[in-house]
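Structural description and commentary
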Amino acid sequence: MEAEQSFSDICGGRLALQRRYYSPSCREFCVSCPRLSLRSLTAVTCTVWLAAYGLFTLCEKSMILSAAIFITLLGLLGYLHFVKIDQETLLIIDSLGIQMTSSYASGKESTTFIEMGKVKDLVINEAIYMQKVIYYLCILLKDPVEPHGISQVVPVFQSAKPRLDCLIEVYRSCQEILAHQKATSASP
Amino acid sequence: MVLKAFFPTCCASADSGLLVGRWVPEQSSAVVLAVVHFPFIPIQVKELLAQVQQASRVGVAVLGTWCHRRQESEESLGHFLEGLSAIFSHEPWLQLCRERGSKFWSCKATHRQVPASPGAPGQDQVMLIFYDQRKVLLSQLHPPAALPDHQAGDATASAGGLAAVFDTVARSEVLFRSDQFDEGPVRLSHWQSEGVEASILVELAKQASGPICLLLACLLSLISAASTSRVFKLWPLSFIWSKLSTCEQLRHRLGQLTLIFSTQKAENPAQLMRKANMLVSVFLDVALGLALLSWLHGKDRIGQLADALVPVADHVAEELQHLLQWLMGAPAGLKMNRALDQVLGRFFLYHIHLWISYIHLMSPFIERILWHLGLSACLGLTVALSILSDIIALLTFHIYCFYVYGARLYCMKICGLSSLWRLFRGKKWNVLRQRVDSCSYDLDQLFIGTLLFTILVFLLPTTALYYLVFTLLRLLVVTVQGLIHLLVDLVNSLPLYSLGLRLCRPYRLAAGVKFRVLEHEAGRPLRLLMQEVKVQTSRFSLTRPNAG
């Protein structure tokens, strides 16, 4: 079952949340971030090239112009490959684990998988981010030494940063699976 | 809990038969290791499984049946397969079935002890996870080997989750020795059925490595025994050995070579990686050293170097003389104390004169010395670089001496100043109590003390300037030596083998696993594909020596 809804992130950009229910024990949530805007790209390119042209008029060396073109191209490629995240996916599989995938604009994907044995709970937390207070969804990991302690907090959807309404949808869905998982694992 | 069946991708196209593997009750997961094909005799299958269980301490058993329907008219096979559950009893009994021309599988798990209730979970509660056996075996994601005296199954009680799966596959190597094309009583299908991976060169190297390692280990132990003999512990030699970086580097290399060629096998994959990294770095070192050697000894470069060395030393000495003349005048517009200036300046100038005479004395022998030192490059580039660093240290010995003189003079002046300052204030340093106490001085003591204090204070700028200048020169030399040592450390500790593995065979260095959901149809079991995640290159830390 697939469903798509549109939400907004903390800065006001549009996000799309796609939910796929593969089976009662396996669900996937895909948040797609706002695309690279043409306006900001043009602005950056124009600034760099204007600065290069200014330097050229001072120094009379044509190497500066070609260097500026190179820098712009390499910078754009690097930005697309290492910085710009297109989509963030959360795949939750009952009794196996939770998997988070970030796909970059150049097609690169980076995946983290956390086994269900290590997951304590999935919660929505508040945090101070720059000048705002935002909500974020995070996974709490169990502490191997202390049974009631938490060893690590892993935030989910870090680049997309959706708002509370989107987080509540994801939270409710995941808690259904986690509750089922806890019920079956508690019984021997 | 949802029942998870880990199925190897190589068996997905195998003929129908029995599923052989291990059932992990805590995870409610069945790890399928191989498929036994028809015809088979149940007794022989049970014997083989008992043998495997004894050899590998993994609780291998028949988990269920696998049905690959290639033609439409194989209904009788289905009935036959159902009858097998009576012969090989296992709880729960798995029945995997694949239709020809359909991507979706069906999987049933029947529990004999639990009666089927109307609300019993159907096919939705079974998950099929495909895994690549070869990659899981080679990626070494399993925990390190347990102690040999553990009972079967005890060792993995502590390994939770997926580690138990990897451990099972890794320890079942015995099962993978015979496959369906062998002439044994039982025909199995697993990852080796697609072709056993082997390389003649690797096998030959493995056979030859035994005696070679023994020989080299004996040789190296002789060398290290000779190097730790009493002769080298005598005072002048031991002092020189500890100061030269070449000896340090040679000792380090000797230690590394001893470790590589030791006849002990590596206990765990981390140690094996470390050994491999060391071996590759030694090879690279020697290769670069030989390249440097051939470059040096061609076209009479040694002669050119030797001819250039003495003029360079002369030039450095001349520059130092200019510097001292500048200090003896009015450096940077500061006014120095004329008498002290002249004394110190002439003292250092005489030293430079001695040094130049010494260099000129050595000049006929320099070419031969350089030629012999150049031969040492065949031991490795790092040794050549260490020798270069030592040569620089020896050639700039006069700068080091000047620094020591300037520092000592400055240190003495500061000590004197602090002690006389205390006297000026009427205090003194109590050695017994390690603190400053008040003290009553006589008038003449105070008078002389204050006089000396003022003299020292007015002479301070001169000494301080000399100290500053020579410290900066010394820092320059130390920086150059430090850069050379950095390069040597880089060649020593770069984990080239691991980097090469990351590029060519990334599954050997897997950092974890990831899952992908395959095409799904409602009412059918969920199918997932388990793949290895590559280690990120940013995790290779170069600051750790001998990084594994």
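Please refer to the structure higher up on the page.
So, here's what we can say about the structure.

Rules used in this analysis
Residues numbered from 1 in each chain as written. Chains lettered and ligands numbered in written order. Predicted model: local features only at pLDDT ≥ 70, side-chain atom pairs only at ≥ 80, totals over all residues. Heavy atoms only, no water. Helix = DSSP H or I, 4+ residues; strand = E, 2+ residues; numbered from the N terminus. Buried < 20%, exposed > 50% of the residue type's maximum accessible area, 1.4 Å probe, protein only. Contact = heavy atoms within 4.5 Å. Areas by Shrake-Rupley, 256 points an atom, 1.4 Å probe, with all protein chains shown as cover. Phe/Tyr/Trp six-rings, centres within 6.5 Å; stacked < 30°, edge-to-face > 60°. Lys NZ or Arg CZ within 6 Å of the ring centre and 35° of its normal. Salt bridge = Lys/Arg side-chain N within 4 Å of Asp/Glu carboxyl O. Buried area = accessible area lost by both parts, 1.4 Å probe. Polar contact = N/O pair within 3.5 Å; in protein donor to acceptor, adjacent residues only side chain to side chain. Nonpolar A, V, L, I, M, F, W, Y, C, P; charged D, E, K, R; others polar. Pairing = 2+ DSSP bridges. Axes fitted to C-alpha atoms, helices over the stretch in contact; angles between N-to-C directions. Core = buried A, V, L, I, M, F, W, Y, C linked by side-chain atoms within 4.5 Å.

This brings us to the overall build of chain B. Within chain B one finds 14 helices and 12 strands. Scored against the burial criterion, the 548 residues of chain B give a buried share of 38%. Here the analysis covers contacts within chain B between residues at least 6 apart in sequence; of these, 72% occur between residues at least 24 apart. Just so you have it, chain B exposes about 31600 Å², and 64% of that area is on carbon and sulfur atoms.

Once that is clear, we can look at the packing of aromatic side chains. The geometry of an aromatic ring pair is captured by two quantities: the separation of the ring centres and the angle between the planes. In the structure shown here, the tally under the stated rule is 19 aromatic pairs over all chains. Ring centres of Tyr53(A) and Phe56(A) lie 6.0 Å apart, and the angle between their planes is 40 degrees; this geometry places the pair in the tilted category. Here Phe56(A) and Tyr53(A) lie together in helix H1 (residues 38-59), a separation of three residues that amounts to about one turn. Considering the side-chain rings of Phe347(B) and Tyr405(B), the 5.3 Å spacing of their centres and the 50 degrees angle between planes classify their relative orientation as tilted. Note that Phe347(B) is positioned in helix H10 (residues 338-375) and Tyr405(B) in helix H12 (residues 397-425), a separation of 58 residues in sequence. Look at Phe347(B) and you get partly exposed, because its relative accessible area is 39%. Members of the aromatic cluster, each reached through a chain of ring pairs, are Phe347(B), Phe348(B), Phe402(B), Tyr405(B), Tyr466(B) and Phe470(B). Over the face of the ring belonging to Tyr21(A) we find Arg27(A), whose NZ or CZ atom lies 4.5 Å from the ring centre. Over the face of the ring belonging to Tyr104(A) we find Lys108(A), whose NZ or CZ atom lies 4.8 Å from the ring centre.

Another point: the pattern of salt bridges. One pass over the full model with this rule turns up seven salt bridges over all chains. The closest approach of N and O atoms between Arg20(A) and Glu28(A), which form a salt bridge, is 2.6 Å. For Glu28(A), a relative accessible area of 12% translates into the label buried. A salt bridge links Arg435(B) to Asp437(B); the shortest N-O distance between them is 2.9 Å. Judged by relative accessible area, which is 18%, Asp437(B) ranks as buried. Residues joined by salt bridges that share partners form a network here, namely Glu2(A), Arg20(A) and Glu28(A).

A separate point is the interface of chain A and chain B. The interface is formed by 15 residues belonging to chain A together with 16 residues belonging to chain B. Between chain A and chain B the total buried area reaches about 1500 Å² when both faces are included, carbon and sulfur atoms providing 67% of it. The largest share of the area that chain A buries against chain B comes from Tyr22(A), Ser95(A) and Leu96(A), three residues that together contribute 31% of it. For the pair chain A and chain B, the interface holds three residue pairs in polar contact (both at pLDDT 80 or more). Mapped onto the side of chain A that touches chain B, the elements with two or more residues apiece are strand E2 (14-23), strand E4 (85-93), strand E6 (109-115) and helix H3 (164-186) of chain A. Top contributing element to the side of chain A that touches chain B by residue count: E6(A), with three residues. Of the residues belonging to the side of chain A that touches chain B, the class tally is six nonpolar, seven polar and two charged.

Residue and element names in this part refer to chain A. The three strands are arranged E7-E8-E9 in an open sheet whose pairing can be described as antiparallel. Each edge of the sheet is formed by a strand with only one pairing partner; in this case those strands are strand E7 (119-129) and strand E9 (150-156). Direction aside, neighbouring strands of the sheet carry axes that sit 35 degrees apart on average. For E7 and strand E8 (residues 132-142), the ladder comprises 10 bridges, and the chain directions are antiparallel. Bridged to Val119 within E8 is Leu141.

As a rule of thumb, nonpolar side chains are buried together in soluble globular proteins. Counting 69 residues, the largest nonpolar core has Phe7(B), Leu19(B), Leu162(B), Phe515(B), Leu528(B) and Met530(B) as its most contacted members. In terms of residues, this core owes the most to one element, strand E3 (residues 29-37) of chain B, which gives seven residues. Those residues in contact with Leu19(B) that sit more than four places away from it in its chain are Phe7(B), Val32(B), Ala34(B), Val35(B), Ala61(B), Val62(B), Leu63(B), Gly64(B), Thr65(B), Trp66(B), Leu94(B) and Leu96(B). In this structure, Phe7(A), Leu17(A), Leu90(A) and Val119(A) belong to the second largest nonpolar core, which totals 27 residues.

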